Amino acid sequence: MSSVLARLVPDPEKFRAHPPTEPVVWHQPPEPVTELLPLASVDTLLAEGSLRASMLSVVLGGQRQPATAYTWGQRPTQPGFSDVVRPAELTALLDRGATLVLESLHRTWPPVGRLCRQLSREVGVPVQANAYLTPAGAQGFAHHHDTHSVLIAQTAGSKTWQLSPPIVTDPLEHQPFRAAMVTDEHRRQFAEPVLEAVLRPGDVLWVPRGWIHNGFATDEHSLHLSLSLPPLTPYWVATELVRTLDGDERFRRDLPWGFGQDPQLRREVVAEVVDLLAAALGDLDRDATADRLAGRWRRYFLEPERRPVETVLGAPLGPDTPLRPVPEAVCGTDQLPDGRLRLHLADSALLLDPPAAEPVAAWLADGSTPRTARQLGLAEAAGVTLLRGLLGAGVLRRA
């Protein structure tokens, strides 16, 4: 059950049930972590010539560099390639001590994408990944906080980390770190961090949301994978609840003009809208609303890994073609009263009729055993058609 999370933390069940509220370092054997992103894989990504400016950032002297410094920019090249990353420019920037940030690595490096899908299934939140490559003796970002919690897995070299208590407790997405937040008292705290550790290959650091962290490479290069776990907060739910009211005409009508000038009008308007909210939210069908919000939350998960060529042009499926399930492709399931089963994916949903619903649900729960349409007890033609659809959706793979 916890095969992926167990590569990162020593007690997956405890971590899932009670994520630490303070930073933790786990010193572990290198192999389970280093194979997630070997140093050579960075060159493979860069040399393919397919990374665009949105997929990579360069940080030098604590500042993000303009994309024109490492893409084709205005240089003569093929049409449509102006934002493609140039490895030659990155060589020069690395030599100057720049940190390369591989953004949204879950979309550009398939092994990390699979890791994030599996980890998302285990922890129940949409995990995403960046990677940071820093030359020896250099630093990317100085003291800052993130608006999500992070598992930092050191895959090559070493990096020193200093952690200090939050300036903003549990910051939301629209509350990023700003230098203006830092007072002289905070600077004194930064000088005496509550935790300082050197991560070496295999080590993992847990940084809870809001904790100030400062990382810099030692006398050797550093490559680490940063796995972000976004929070599900009451604020998010409340915001989404308000969004459900856009179909209510009472919330779409014009309010009286003069809100900025008339204090009495302001008080009356706010009181009216607060009363409207209380009444409207009190009348909501809570179960149906919870289901709608779950659908919006699932959109943040990574969609299944799909293989169109294999699905359409691969060997034809038959009743005895073995396939295996991909449980991490499914974000949730609903057993409907009429016996049908709805499989929720990040970007769509599939509806299975009763003859297939029960065996497919059990198969996905099993998680690994190859099966055929015949072994699932499905009618030959209908069963093959169903499994082909699940193959195309990324819920199944050829065994």
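Only a predicted model underlies this, so the values are computations on that prediction, with no experimental measurement involved.

1. A word on a nonpolar patch on the surface
A contiguous nonpolar patch, built from Phe-259, Val-270 and Val-274 and spanning about 260 Å² of accessible area, is present on the exposed surface. Turning to its location among the elements, Val-274 is positioned in helix 9 (residues 263-282). On the basis of relative accessible area, Val-274 is assigned to the partly exposed category, the value being 48%.

2. With respect to the pairing of strand 8 (residues 204-207)
Here strand 8 shows two buried faces, one formed by Val-204 and Trp-206 and the other by Leu-205 and Val-207. The pairing of strand 1 (residues 24-26) with strand 8 spans three bridges and is antiparallel. Across the sheet, Val-25 pairs through a bridge with Leu-205, a residue of strand 8. Bridge count for strand 6 (residues 149-164) against strand 8 is four bridges, and the pairing is antiparallel. Considered in strand 8, the bridge of Ala-153 is made with Val-204.

3. Remarks on the pairing of strand 4 (residues 99-102)
Neither face of strand 4 is left uncovered, since the one carrying Thr-99 and Val-101 and the one carrying Leu-100 and Leu-102 both have all their residues buried. Relative to strand 4, strand 2 (residues 56-60) runs antiparallel, the two being bridged by four bridges. When the bridges of strand 4 are listed, Leu-56 appears paired with Leu-102. Bridge analysis of strand 4 against strand 5 (residues 128-134) gives three bridges, and the strand direction is antiparallel. Counted as the bridge partner of Leu-102 is Ala-131 from strand 5.

So, how was this worked out
Residues numbered from 1 in each chain as written. Predicted model: local features only at pLDDT ≥ 70, side-chain atom pairs only at ≥ 80, totals over all residues. Heavy atoms only, no water. Patch = residues over 30% accessible without salt bridge, like charges linked within 9 Å, V, L, I, M, F, W, Y side chains within 5 Å. Areas by Shrake-Rupley, 256 points an atom, 1.4 Å probe, with all protein chains shown as cover. Salt bridge = Lys/Arg side-chain N within 4 Å of Asp/Glu carboxyl O. Helix = DSSP H or I, 4+ residues; strand = E, 2+ residues; numbered from the N terminus. Buried < 20%, exposed > 50% of the residue type's maximum accessible area, 1.4 Å probe, protein only. Pairing = 2+ DSSP bridges.

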